[in-house]
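Chain by chain, the residues run as shown.
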Amino acid sequence: MTENSTGLVDKEDLRETLAEILDIDSEEITDDANFVDDLGVDSLMALEITVRLEKKYGVRMQENELVEVTSLNKTCRLLTEKLGGQP
Amino acid sequence: MLIPLRGSWSMILGASSGMGRATALALSQAGSNIIGVHFDHGPAAESVADLVKEIEGYGVQARFWNMNAASARTRAELVPLVAELTDGAGPRILMHSLAFGSLVPYLPRAGHGPTLVQRQLEMTVDVMAHSLVYWVQDLVAARLLRRGAKVFAMTSAGVVQALPSYGAVSAAKAALESHVRQLACELAPHGVAVNALRAGVTVTPSLRRIPEHAEFVARAGSGNPHGRLTEPEDVAEAVVLLSGTDSSWLTGNTIGVDGGELLAAGNAWELGNGSAPRDATPATTAAADR
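Residues numbered from 1 in each chain as written. Chains lettered and ligands numbered in written order. Predicted model: local features only at pLDDT ≥ 70, side-chain atom pairs only at ≥ 80, totals over all residues. Heavy atoms only, no water.

So, the overall build of chain A
Here comes step 1: Along its length, chain A carries three helices and zero strands.
Here comes step 2: In chain A, the order of α-helices and β-strands from amino to carboxyl end is α-α-α.
Here comes step 3: Split into buried and exposed, the 87 residues of chain A put 46% on the buried side.
Here comes step 4: Contacts spanning at least 24 positions in sequence make up 50% of the contacts within chain A whose residues lie at least 6 apart.
Here comes step 5: Surface accessibility of chain A: about 4,500 Å² in total, with carbon and sulfur atoms responsible for 44%. (Helix = DSSP H or I, 4+ residues; strand = E, 2+ residues; numbered from the N terminus. Buried < 20%, exposed > 50% of the residue type's maximum accessible area, 1.4 Å probe, protein only. Contact = heavy atoms within 4.5 Å. Areas by Shrake-Rupley, 256 points an atom, 1.4 Å probe, with all protein chains shown as cover.)

And the structure:
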């Protein structure tokens, strides 16, 4: 995977979106910062992330896929897969 | 005075499942247009399109938003849209049916995972109780809760009963009922009634998330003097019934919509193991004879 993009998902744009949803500075969302342990995401914020990303990327996430939504890099990879790309 | 619901608007927070969904359907059947706020992903989000179609099938308008009803951002975005949709009159009915909280015990307990943390408790009470206050504040500020409007908040037996994983939700229900009483008094001069509806144990998606639900569903079903659990439609019918008046005199209450479940002591009202009515089983006669 290249540094900043997977072709289908612009990682910097995703970082900005997550920062806006979580109402924190985008610099806090490092590639591997854990949403729960490092960024204090609770189950309600996790649902907010899921609903917003589903809308933005036009995908549907299943319950078992949500365990992947734990960091920027992992979320980027999951979205890329869902959009039919190679992570 | 009794007044028809036809042509009014009803706003339901938590409209995509359980009691909110059933009430949206019942109110639309009674001729009310529906504003629904729900928060879903995956298949649950997909299913809302069918619900909207079903509501529209009753000849009314339905507008649904997939947003977090407990966030200030959502209120800021939706209140102007509510004003626009209702031509400035606001909703006749505001129903708070938000079920989202942390279902974990306060203290370590065998068979359970991690215990409740501060963030979870605050989130749970904020979503399931305080958000009612903020919606009412914003709707009143926008002059969208007019004389004759009804506010309903869904509480539960959890307000007086404890379950291992239900502590945070119980606390939220206690706060919610307190908010209902306070709002009832503050809204009395506005002619707006505010009541809490305490449904009995009802099998909804939210109930299924409670770890102990299987045990107490079984117990509640047999303990209810009606011999069955509460259905979401029981709650929907109560909302329609209580909304059919412009009076605000019935206000500030917690109204049981549970078939007498909370009152029934132990399992004394159990109708026996089968579905046969009591008078068809000789056991009681035999016991009395001795």
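Quick word on the UniProt feature "domain: Carrier" (unreviewed entry) in chain A
Here comes step 1: When the UniProt feature table is mapped to this numbering, "domain: Carrier" (unreviewed entry) covers residues 8-83 of chain A.
Here comes step 2: Taken as a whole, residues 8-83 of chain A contains 50% helix and 0% strand, while its terminal C-alpha atoms sit 7 Å from one another. (UniProt positions renumbered as here; feature names shortened; annotations may be inferred.)

Structural notes on the environment of B:His96
Residues and elements named next belong to chain B.
Here comes step 1: Tracing the sequence through the fold places His96 in strand E4 (residues 93-96).
Here comes step 2: Along the primary structure His96 and Ala69 are separated by 27 residues, whereas in three dimensions their C-alpha atoms are 9.5 Å apart.
Here comes step 3: When near neighbours in sequence (up to four residues on either side) are disregarded, His96 contacts Leu13, Val127, Met128, Ala129, Ser131, Leu132, Phe152, Ala153, Met154 and Leu176.
Here comes step 4: In this structure the side chain of His96 is engaged in a polar contact, spanning 2.8 Å, whose partner is the side chain of Ser131. (Polar contact = N/O pair within 3.5 Å; in protein donor to acceptor, adjacent residues only side chain to side chain.)

Section: the pattern of salt bridges
Residue and element names in this part refer to chain A.
Here comes step 1: Counted according to the given criterion, the structure contains 12 salt bridges over all chains.
Here comes step 2: The shortest N-O distance in the salt bridge between Lys11 and Asp31 comes to 3.1 Å. With Lys11 in helix H1 (residues 11-22) and Asp31 in the loop between H1 and helix H2 (43-57), this residue pair connects regions lying 20 residues apart in the sequence.
Here comes step 3: Asp31 sits in the buried class, given a relative accessible area of 18%.
Here comes step 4: One salt bridge in this structure joins Asp13 and Lys56, with 2.9 Å as the shortest N-O distance. (Salt bridge = Lys/Arg side-chain N within 4 Å of Asp/Glu carboxyl O.)

Observations concerning the side chain of B:Ser165
Here comes step 1: Of note, B:Ser165 is situated in the loop between strand E5 (150-156) and helix H5 (167-187).
Here comes step 2: Separated by 2.4 Å, the side chains of B:Ser165 and B:Glu212 make a polar contact.

Some remarks on the nonpolar core
All names here are of chain B.
Here comes step 1: Ranked by internal contacts, the top residues of the largest apolar core, which has 52 residues, are Met11, Leu13, Leu132 and Leu145.
Here comes step 2: It is helix H4 (residues 118-141) that provides the largest number of residues to this core, a total of nine residues.
Here comes step 3: Leu132 has contacts with His96, Val151, Ala153, Leu176, His179, Val180 and Leu183, leaving out every residue within four places of it along the chain.
Here comes step 4: By size, the runner-up hydrophobic cluster in this structure holds 26 residues, among which are Leu25, Val60, Ala62 and Phe152. (Core = buried A, V, L, I, M, F, W, Y, C linked by side-chain atoms within 4.5 Å.)

Points about the pairing of strand E2 (residues 33-38) of chain B
All names here are of chain B.
Here comes step 1: Most of E2 is tucked away: six of the six residues are buried.
Here comes step 2: Residues Asn33, Ile35 and Val37 of E2 are buried on one face, and the alternating residues Ile34, Gly36 and His38, pointing to the opposite face, are buried as well.
Here comes step 3: In terms of strand pairing, strand E1 (residues 9-13) meets E2 through five bridges, oriented parallel. Note that in E2 the partner of Leu13 across the bridge is Val37.
Here comes step 4: Between E1 and its parallel partner E2, the chain crosses via helix H1 (residues 18-29), and the hand of that crossover is right-handed.
Here comes step 5: The parallel pair E2 and strand E3 (residues 62-66) is bridged by helix H2 (residues 42-56), and the resulting crossover is right-handed. (Pairing = 2+ DSSP bridges. Right-handed = clockwise from strand over helix to strand, strands pointing away.)

Side note on a nonpolar patch on the surface
Here comes step 1: A surface patch of nonpolar side chains, amounting to about 300 Å² of accessible area, comprises B:Tyr106, B:Leu107 and B:Leu121.
Here comes step 2: Looking at the secondary structure, you find B:Leu107 in the loop between E4 and H4. (Patch = residues over 30% accessible without salt bridge, like charges linked within 9 Å, V, L, I, M, F, W, Y side chains within 5 Å.)

Focus on the interface of chain B and chain A
Here comes step 1: At the junction of the two partners, chain B supplies 15 residues and chain A supplies 20 residues.
Here comes step 2: Summing both sides of the interface, chain B and chain A together bury roughly 1,500 Å²; the carbon and sulfur share of this comes to 55%.
Here comes step 3: Here chain B is connected to chain A by two salt bridges.
Here comes step 4: The interface formed by chain B and chain A holds six residue pairs in polar contact (both at pLDDT 80 or more) in total. (Buried area = accessible area lost by both parts, 1.4 Å probe.)

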